[in-house]
Amino acid sequence: QVQLVESGGGLVQAGGSLRLSCAASGRTFSTYAMGWFRQAPGKEREFVATINRSGGYTYYVDSVKGRFTISRDNAKNTVYLQMNTLKPEDTAVYYCAAGGLPRATMRAYDYWGQGTQVTVSS
């Protein structure tokens, strides 16, 4: 069982930056691939980024490539999402998730956080 708690969301102007954190409970964090997803109002939840257990592999949705960076610190049981050059279309609730493999599909993840709101104003 893994419990995930996101933080770091907020209101930012277009072009600004935010860093999201996701803290995991338990001693098995390093055995999970981690992912970030987001859900905008009226839209389905979508994949944003994923990272494998060691941090040596990452993958992003095209719309955030070059702007977002996923990373992890296994000693701190935390995964991060650094978001730069934010756009209004990045506005959403951001969720972190833990699973067996670094995939871009929701069904690959077994545990989910409650989400953190990111709002980008134009």
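Here we summarise the structure given alongside this text. Everything numeric here is computed off the predicted structure, so don't read it as measured data.

1. Topic: the sheet that holds strand β1 (residues 4-7)
Here's step 1: Read across the open sheet, the four strands follow the order β1-β3-β8-β7; overall the sheet is antiparallel. The open sheet has two edge strands, β1 and β7 (68-73), and neither has a second partner. For this sheet the average axis-to-axis angle between neighbouring strands, irrespective of direction, equals 15°.
Here's step 2: One ladder, built from six bridges, connects β7 with strand β8 (residues 78-83); its direction is antiparallel. Each bridged residue has a counterpart across the sheet, and for R72 the counterpart in β8 is V79.

2. Quick notes on the pattern of salt bridges
Here's step 1: Taken as a whole and assessed by the stated rule, the structure comprises four salt bridges.
Here's step 2: Linking D90 and R67 is a salt bridge whose minimum nitrogen-to-oxygen distance equals 2.8 Å. With a gap of 23 residues between them, D90 in the loop between β8 and β9 (92-99) and R67 in the loop between β6 (58-60) and β7 connect regions that are remote in the sequence.
Here's step 3: A relative accessible area of 1% means that D90 is categorised as buried.
Here's step 4: The exposure class of R67 is buried, given its relative accessible area of 9%.

3. Re the nonpolar core
Here's step 1: Judged by nonpolar contacts, the single largest core of 29 residues is most densely connected at L4, M34, W36, L81, M83 and Y94.
Here's step 2: Broken down by secondary-structure element, the contributors of at least two residues to this core are β3 (18-24), β4 (33-39), β5 (46-51), β7, β8, β9 and β11 (116-121).
Here's step 3: In contact with L81, not counting residues within four places along its chain, are L18, R19, L20, W36, V48, A49, F68, T69, I70 and Y94.

Reading guide: rules and limits
Residues numbered from 1 in each chain as written. Predicted model: local features only at pLDDT ≥ 70, side-chain atom pairs only at ≥ 80, totals over all residues. Heavy atoms only, no water. Pairing = 2+ DSSP bridges. Helix = DSSP H or I, 4+ residues; strand = E, 2+ residues; numbered from the N terminus. Axes fitted to C-alpha atoms, helices over the stretch in contact; angles between N-to-C directions. Salt bridge = Lys/Arg side-chain N within 4 Å of Asp/Glu carboxyl O. Buried < 20%, exposed > 50% of the residue type's maximum accessible area, 1.4 Å probe, protein only. Core = buried A, V, L, I, M, F, W, Y, C linked by side-chain atoms within 4.5 Å. Contact = heavy atoms within 4.5 Å.

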